[in-house]
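Chain by chain, the residues run as shown.
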Amino acid sequence: MDKIQIFILAYARQNLGDDLFIYMLLKRYSNLSFIINIENPEHAKAFKKFSNVTIVNERERQLTKENAQQYSAYIYIGGSIFMEGGTVYNISEEFLEFLKECNKSHIPFCYVSSNFGPAYTREYIGLASKVYENCTDICFRDLHSYHLFDQITTVRYAPDLAFSYQLDEKIEKKKNTVGISLIDLSIRKDLIQQEESYYKVLVNSILQYMKEDKQVYLFSFCKHEGDENAIQKLMKKIPEEYKDGIYCVNYNGDIEQFLKVYASMEYMICARFHAMVLSSVFGQKCRVISYSNKIDNVIQDLQLFHQKIIHVKELDEKTKIPLKEFEEILPQKREDIAKKAVRQLDKIEEVIKVLKK
């Protein structure tokens with residue numbers, strides 16, 4: 001293989017968090033050539049500016065032991081990529097055979113910034129262990145996942161890579177602004193029964209903020225996962241006289257523009273995992289509405305906040321989210337976490353040095 005080519009595996013569905021991962025890789029390693037499979041050309045918008053990536057839009061590109069030597073290295077970057085019963089195929093006997101072939105051919109395969117689970121069977125956990133034993137490196141983003149497999153030498157831990165993200169320019173906060181990132185509970189079987197309470201809490205909070213002369217911004221991180229639907233449902237429940245003071249910001253592939261608006265918020269209510277991460281990075285006063293253990297685990301690992309986490313499953317009509325309870329991560333702590341988060345890429349740095357020899 002004459003030219004170094006690195007294949008990226010990722011959840012490429014124009015989801016802000018996953019797009020940001022890819023964006024950070026392409027920007028950091030601008031002198032390397034990457035290939036990524038994105039079936040829908042619309043979902044590739046975030047990466048059009050980069051000359052170091054080739055986007056192939058095949059319906060599905062399965063990795064098998066027969067084609068393992070096609071690339072110089074593989075990077076699988078993504079958060080919830082090990083859910084038992086999910087749509088990902090990287091915990092399977094076929095994928096294990098592919099990894100074994102990579103090992104045999106000395107082709108690096110690295111997992112970056114993921115968490116494990118939910119998992120329900122011993123068989124799945126056992127197969128995951130074999131996968132991790134045969135990859136070059138896997139760096140989990142939470143200690144819970146790490147400790148499940150810390151007996152395996154290829155397993156490491158560092159905070160989520162996005163904690164190390166930096167804007168190219170300083171963005172001033174807009175005074176008296178409150179942003180809210182939403183998720184669509186109707187597509188989550190374990191949370192759909194909380195949908196009515198969820199919207200009532202948000203509507204009541206928004207009306208209170210507006211009575212306090214705040215401007216409200218609603219952020220959609222991923223249309224594919226229903227964030228825009230959630231915003232539309234919420235807006236239908238807002239009294240007409242308040243709607244003019246509410247602004248909707250939908251992520252459409254322009255990462256820089258979206259994050260400029262996001263970073264300008266003074267306060268943030270974070271439902272999305274990467275909303276919590278980015279609000280921490282940007283030093284915003286925030287509250288987290290957690291829908292998943294993956295959020296709770298990271299908050300606990302890094303001791304991000306002192307306040308009690310608001311859980312979707314515990315929401316009721318009496319739940320209040322007063323602005324006085326919002327909390328900002330202090331600069332020194334943000335800097336410390338960012339330095340640790342870059343360690344997600346430690347093994348990739350080693351791999352690149354070897355490939356360039």
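The structure presented is a predicted model; accordingly, all values stated were derived computationally and were not measured.

1. Describing the pairing of strand β12 (residues 285-290)
Burial within β12 is extensive, with five of its six residues counted as buried. In this sheet, β12 lies alongside strand β11 (residues 265-270) in parallel orientation, the contact comprising four bridges. Along β12, the bridge assignment pairs M268 with C286. After leaving β11, the chain enters helix α8 (residues 273-281) and then returns to the sheet as β12, a path that is right-handed. Relative to strand β13 (residues 310-311), β12 runs parallel, the two being bridged by two bridges. Considered in β13, the bridge of S290 is made with H311.

2. Notes on the sheet that holds strand β3 (residues 53-56)
Strands sit in the order β3-β2-β1-β4-β5-β6-β7 across an open sheet of seven strands; the sheet is parallel. Edge positions in the sheet fall to β3 and β7 (155-157), since each of these pairs with one other strand and no more. Averaged over neighbouring strand pairs, the angle between their axes works out to 20° when direction is ignored. One ladder, built from four bridges, connects strand β1 (residues 5-9) with strand β4 (residues 73-77); its direction is parallel. Residue pairing in the sheet places L9 in a bridge with Y76 of β4.

3. Remarks on the sheet that holds β11
Taken in spatial order, the six strands of this open sheet run β10-β9-β8-β11-β12-β13, and their pairing is parallel. Two strands in the sheet have a free side with no partner beyond their single neighbour: β10 (246-250) and β13. Sheet topology note: the strand β8 (residues 174-181)/β11 ladder contains four bridges and is parallel. Bridging from a neighbouring strand, V178 pairs with Y267 of β11. Here helix α6 (residues 227-236) sits on the sheet in contact with β9 (215-220) and β10, set at roughly 145° to β9.

4. Side note on the nonpolar core
In this structure, L218, F219, L259, Y262 and M276 are the most contacted members of the largest nonpolar core, which totals 102 residues. It is helix α5 (residues 195-211) that contributes the most residues to this core, nine residues altogether. The residues touching Y262, leaving out its near neighbours within four places in the chain, are F219, F221, M268, C270, A275, L278, S279, F282 and Q284. Formed by 32 residues, the second largest nonpolar core is a distinct cluster that contains L9, I35, Y74 and V155.

Conventions and cut-offs
- Residues numbered from 1 in each chain as written.
- Predicted model: local features only at pLDDT ≥ 70, side-chain atom pairs only at ≥ 80, totals over all residues.
- Heavy atoms only, no water.
- Buried < 20%, exposed > 50% of the residue type's maximum accessible area, 1.4 Å probe, protein only.
- Helix = DSSP H or I, 4+ residues; strand = E, 2+ residues; numbered from the N terminus.
- Pairing = 2+ DSSP bridges.
- Right-handed = clockwise from strand over helix to strand, strands pointing away.
- Axes fitted to C-alpha atoms, helices over the stretch in contact; angles between N-to-C directions.
- Contact = heavy atoms within 4.5 Å.
- Core = buried A, V, L, I, M, F, W, Y, C linked by side-chain atoms within 4.5 Å.

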